[in-house]
Amino acid sequence: MPDTAMPILDVKGLKTVFRTRGGEVHAVNSVDFDLRPGELLGVVGESGSGKSVTMMSLLRLLPSPPAEMRDGTVMFDGQDLLKISAEELRKVRGSKIGFIFQDPMTSLNPVYTIGFQLAEPLRAHLGMSKAQARERSIELLQLVGIPDAERRLKDYPHQFSGGMRQRVMIAIALACDPQVLIADEPTTALDVTIQAQIIELVKELRQKLGMAIIWITHDLGVIAGIADRVMVMYAGQVVEEGPVNEIFRDPRHPYTQALLKTVPAVRGPRADKLQVIEGQPPIMYEAPAACSFRNRCQFAFDRCSQENPALAEISAPGHRAACFLLDKASTPEPEAVNG
Amino acid sequence: MAEAESADPLVKVRDLKMYFPIHAGLFRTHVGDIKAVDGISFDIMPGETLGLVGESGCGKSTVGRSILRLYDVTAGTVEINGSEIAHVDRDSLRSKRPMMQMIFQDPQASLNPRMTVASIIGEPLDEHMKLSPDERLARIYELMDWVGLNRTFAKRYPHEFSGGQRQRIGIARALALNPKFIVCDEPIAALDVSIQAQVVNLLEELQDRLNLTYLFISHDLSMVRHIADRVAVMYLGRIVEVADRETLFAEPLHPYTQALLSAVPEPDPESERNRKPIVLQGDVPSPANPPKGCNFSTRCPKVMDICRQIEPDVQDFGGGRQVACHLYSESMKTTAEPTAGEINKQKSTRRQP
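1. Focus on the overall build of chain B
Looking only at helices and strands, chain B has 11 helices and 12 strands in total. In terms of overall dimensions, chain B is globule-like: its C-alpha atoms have a radius of gyration of 21 Å, near the 20 Å expected for 353 residues. Reported as C-alpha extents along the three principal axes, the dimensions of chain B are approximately 65 × 60 × 45 Å. Counting over 353 residues, chain B shows a buried share of 48%.

See the structure below:
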């Protein structure tokens with residue numbers, strides 16, 4: 001969706017580095033993106049591609065050291081989240097921007113009741129009284145489809161199943177009516193039938209509450225079903241970005257193309273042999289000076305190891321990719337990905 | 001029994017039960033059982049891959065482990081390559097270990113961090129074979145070649161490898177003793193999407209080259225559809241449906257299989273928009289206290305009165321297809337024994353060299 005509204009979140013040139021004993025690891029390298037009101041942005045990438053670190057950096061959730069936000073601006077609500085004081089940031093975290101973590105088993109505190117954990121953001125951010133917070137907690141649990149909400153407030157996390165715990169996490173993230181919800185692999189730890197429940201729930205909540213959502217996942221199927229726009233990350237960079245139909249119908253970056261082909265289908269024709277991306281993603285000990293995908297890319301040519309391609313607009317509006325192949329405009333469309 | 005026109009099954013499992021006792025109270029009295037596997041039967045033909053799918057906690061890994069006697073099974077029989085496994089004594093079991101091996105889910109946890117690759121792959125050789133040091137090393141190199149590991153890595157430790165490479169070490173170890181049957185317990189679940197395909201292709205290549213038989217346990221339905229010849233679907237300790245791959249994915253009969261397949265999202269925005277998943281209500285009941293009647297009756301969208309009373313029998317639909325559901329009770333009720341007639345025919349048409 002090209003420039004229809006002012007972005008609610010605008011990230012420019014974000015760089016995050018981890019200082020380790022083995023040297024610096026450049027986890028996020030100049031990431032730019034924005035998020036518009038009511039939009040669902042899907043972020044795809046393999047582990048280590050920097051998708052979680054990018055989102056954690058936005059809210060400065062990474063412990064420093066070893067993490068260091070080296071550069072960039074994160075404009076939200078007229079202020080730069082990377083510059084504001086810790087006190088001001090606290091007002092944003094969990095209230096204007098909600099966060100759902102991957103593992104519902106470890107992100108709830110086992111020694112507090114669900115009721116207490118739900119009431120915490122309500123009392124801290126909205127200044128509700130105990131009774132008000134309790135009332136609102138019951139509403140929230142009902143909203144996310146937990147039966148018998150009033151009684152379950154007294155329960156501890158271990159008394160809930162994985163899917164139910166994820167629902168509680170969503171309820172907590174929604175507690176203060178956030179404008180932005182960041183969901184970091186929210187269904188990865190869940191079974192498919194439970195995943196289907198959670199996805200239906202999020203779709204429903206989006207219609208009801210209209211917040212913007214950033215959904216991080218490695219599952220292209222999930223993204224295809226819910227996202228408006230998709231951002232593909234590789235080695236700490238955005239390699240392709242565009243409307244969901246464009247990305248799936250006409251992927252332009254060789255990595256996106258390969259990624260879409262390695263996943264076998266559950267329906268439709270079945271391939272005899274799986275397409276493979278040879279090699280492994282690199283560990284970024286230096287800021288990239290060349291294309292990070294060149295060693296696994298079968299179309300790589302000289303220029304790929306000399307410069308780092310920047311995201312550039314392609315024919316379709318809002319569709320951008322970082323690949324030198326696009327400059328070679330007349331290159332015949334490559335068919336097979338596996339060389 | 002099977003129509004047995006060609007070969008006999010390599011693996012025969014009959015009415016396998018694996019209960020884990022629950023002890024409670026001051027005297028740790030036996031108060032109940034977790035019925036992780038509650039009476040399942042199936043066959044696997046030589047050279048075949050049987051996919052075993054189901055959600056977490058349905059008992060699919062327990063099936064894999066019980067078959068290899070990593071647990072002492074509660075009841076039932078397991079026959080692999082003509083020898084009884086489930087109730088033999090330790091010594092004769094040990095002599096049968098080489099023919100049945102396992103590839104584990106987490107390559108990080110299943111490799112000893114203090115052993116080099118060569119010693120990990122060589123350990124089964126030391127245990128079960130008498131080889132000279134030269135022969136041993138030659139065998140280790142051969143195995144490393146098979147799984148696509150560079151020979152120069154033999155002296156390295158597991159932490160120096162990526163997840164996909166570690167899984168290759170685990171596969172080499174499983175192959176060391178020339179097994180006939182390998183249980184692959186979620187071998188790709190811990191790997192990245194782009195690495196999964198590499199490992200699955202390797203498993204298929206090795207199967208062709210060494211004529212291996214796999215039990216491929218996974219929750220990833222799309223990968224199972226890719227690798228398996230036949231698929232068994234488990235729910236709460238029981239197999240609800242078995243069929244050959246094409247039939248199962250094209251036309252699932254059991255309501256649970258239908259829901260499971262419909263819940264898998266597809267990487268295609270167009271079809272995703274029109275996909276209407278059957279969203280199951282609620283969660284899987286506890287295997288310590290399974291519901292009366294059909295195990296799926298608490299979540300089944302097509303539940304009938306009889307489902308809450310009587311456990312459905314396994315019904316044979318011919319061609320190796322079996323379904324345990326009351327919806328199909330009237331139609332052709334034959335035997336409850338698994339059949340595996342057509343699999344071999346199908347097998348020969350698949351994967352031309």
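2. Here's the deal with the overall build of chain A
Each helix and strand in chain A was counted, giving 10 helices and 12 strands. What you see for chain A is a C-alpha radius of gyration of 21 Å, in line with the 20 Å of a compact globule of 339 residues. Its C-alpha atoms give chain A principal-axis dimensions of roughly 65 × 50 × 45 Å. Taken over 339 residues, chain A has a buried fraction of 47%. The contacts of chain A with a sequence gap of at least 6 include a subset with a gap of at least 24, amounting to 65%.

3. Some thoughts on the interface of chain B and chain A
At the interface, 34 residues of chain B touch 35 residues of chain A. Those elements giving two or more residues to the side of chain B that touches chain A turn out to be α6 (193–210), α7 (221–227), α9 (255–262) and α10 (269–274) of chain B. No other element matches the seven residues that α6 of chain B contributes to the side of chain B that touches chain A. Taken together, the residues of the side of chain B that touches chain A sort by class into 18 nonpolar, nine polar and seven charged.

4. Some words on α6 of chain B
What sets the pattern is the α-helix's 3.6 residues per turn: residues three or four places apart point alike. Taking 1.5 Å per residue, 18 residues should reach 26 Å; α6 of chain B reaches 26 Å between its end C-alpha atoms and fits that length. Buried within α6 of chain B we find Ser194, Ile195, Gln196, Ala197, Gln198, Val199, Val200 and Leu203 of chain B. Among the structural elements, α10 (254–262) of chain A together with α5 (163–175), β7 (181–185) and α7 of chain B are those in contact with the buried residues of α6 of chain B. Directly after α6 of chain B, the chain includes Asn211 of chain B, whose backbone phi takes a positive value near 50°.

5. Quick notes on the pairing of strand β1 (residues 11–24) of chain B
Residues and elements named next belong to chain B. Pairing geometry for β1 and strand β4 (residues 75–80), over five bridges, is antiparallel. Considered in β4, the bridge of Lys17 is made with Ala75. Where β1 and strand β2 (residues 29–44) come together, 12 bridges link them in antiparallel fashion. Directly across from Lys12, in β2, lies its bridge partner Asp43. Hairpin connection from β1 to β2: four residues lie between these consecutive antiparallel strands, with Gly25 at a positive phi of about 85°.

6. Let's talk about the sheet that holds strand β12 (residues 321–324) of chain B
All names here are of chain B. Pairing in this open sheet of eight strands is mixed, and the strands run β6-β7-β8-β3-β9-β10-β12-β11 from one edge to the other. Of all strands in the sheet, those with a lone pairing partner are β6 (100–103) and β11 (314–318), marking the two edges. Across the sheet, the mean angle separating the axes of adjacent strands is 20° when strand polarity is ignored. Inspection of the sheet shows β7 paired to strand β8 (residues 213–218) by five bridges, in the parallel sense. Bridge pairing in β8 links Ile182 to Tyr214.

7. So, unusual backbone geometry
All names here are of chain A. That bond from Ser64 to Pro65 is cis: its omega, -5°, falls within 30 degrees of zero. Residue position: Pro65 is located in the loop between α1 (51–58) and β4 (67–76). Here the amide bond leading from Pro65 into Pro66 is cis, since omega sits at 10°, within 30 degrees of zero. Relative to the helices and strands, Pro66 is located in the loop between α1 and β4. Backbone geometry places Glu185, a non-glycine residue, at a positive phi of 45°. Structurally, Glu185 is set in the loop between β7 (180–184) and α7 (192–209).

8. Some words on the pairing of β4 of chain B
Residues and elements named next belong to chain B. In this structure, β4 lies alongside strand β5 (residues 83–84), joined through two bridges in antiparallel fashion. Bridging from a neighbouring strand, Glu79 pairs with Glu84 of β5. The antiparallel hairpin formed by β4 and β5 contains two residues in its connecting segment, where Asn81 sits at a positive phi of about 50°.

9. Here's the deal with the confidence of the model for chain A
Taken over all residues, the pLDDT of chain A has a mean of 86, while the share at 70 or more is 96%. Below pLDDT 50 for its whole length, residues 335–339 of chain A participates in eight contacts with residues either more than four positions away or in separate chains.

10. Re the sheet that holds strand β12 (residues 320–321) of chain A
All names here are of chain A. Strand order in this open sheet of eight strands is β6-β7-β8-β3-β9-β10-β12-β11, and the pairing throughout is mixed. In the strand order of this sheet, the two ends are held by β6 (97–100) and β11 (312–313), each with one partner. Bridge count for β7 against strand β8 (residues 212–217) is five bridges, and the pairing is parallel. Pairing of Val180 across the sheet is with Ala212, part of β8.

11. Some thoughts on the environment of Ile227 of chain B
Residue and element names in this part refer to chain B. The residue Ile227 is located in helix α7 in this model. Judged by the 24 C-beta atoms lying within 10 Å of it, Ile227 falls in the buried class. Taking the C-alpha atoms as reference points, Ile227 and Glu135, 92 residues apart in sequence, are found 33 Å from one another. Look past the residues within four positions of Ile227 in its chain and what remains in contact with it is Thr49, Gly51, Val200, Leu203, Glu204 and Phe216.

12. Quick look at the packing of helix α3 (residues 117–128) of chain B against helix α4 (residues 133–146) of chain B
All names here are of chain B. It is at 10 Å that the axes of α3 and α4 come closest, and there the two elements cross at 115°. Regarding α3 and α4, the two cross each other, and that crossing is right-handed. For the pair formed by α3 and α4, the contact residues are Ala118, Ile121, Gly122 and Leu125 on the first element and Arg136, Arg139, Ile140 and Leu143 on the second.

13. Some remarks on the confidence of the model for chain B
Residues and elements named next belong to chain B. Mean pLDDT over chain B stands at 86; residues scoring 70 or higher make up 92%. Predicted confidence is poor over residues 1–5, with pLDDT under 50, and the contacts of this stretch with residues over four places away or in other chains come to nine contacts. Overall fold confidence (pTM) sits at 0.82, and the ipTM for the predicted complex is 0.76.

14. Some remarks on the environment of Cys297 of chain A
Residues and elements named next belong to chain A. Mapping Cys297 onto the fold places it in the loop between α10 and β11. A count of 22 C-beta atoms within 10 Å places Cys297 in the buried class. Sequence separation between Cys297 and Ile277 is 20 residues; the distance between their C-alpha atoms is 8.2 Å.

15. Structural notes on helix α1 (residues 60–67) of chain B
Residue and element names in this part refer to chain B. Of all eight residues making up α1, seven are buried, and the element is well covered by its neighbours. For α1, the set of buried residues is Lys60, Ser61, Thr62, Val63, Gly64, Ser66 and Ile67. In the segment just after α1, Arg69 is the residue with positive phi, at about 60°.

Parameters at a glance
- Residues numbered from 1 in each chain as written.
- Chains lettered and ligands numbered in written order.
- Predicted model: local features only at pLDDT ≥ 70, side-chain atom pairs only at ≥ 80, totals over all residues.
- Helix = DSSP H or I, 4+ residues; strand = E, 2+ residues; numbered from the N terminus.
- Rg over C-alpha atoms; globule rule 2.2 N^0.38 Å.
- Buried ≥ 20, exposed ≤ 12 C-beta atoms within 10 Å, placed from the backbone.
- Contact = placed C-beta atoms within 7 Å.
- Nonpolar A, V, L, I, M, F, W, Y, C, P; charged D, E, K, R; others polar.
- Expected span 1.5 Å × (residues − 1).
- Pairing = 2+ DSSP bridges.
- Axes fitted to C-alpha atoms, helices over the stretch in contact; angles between N-to-C directions.
- pLDDT = per-residue confidence, 0-100.
- Left-handed = near helix turned anticlockwise from the far one by under 90°.

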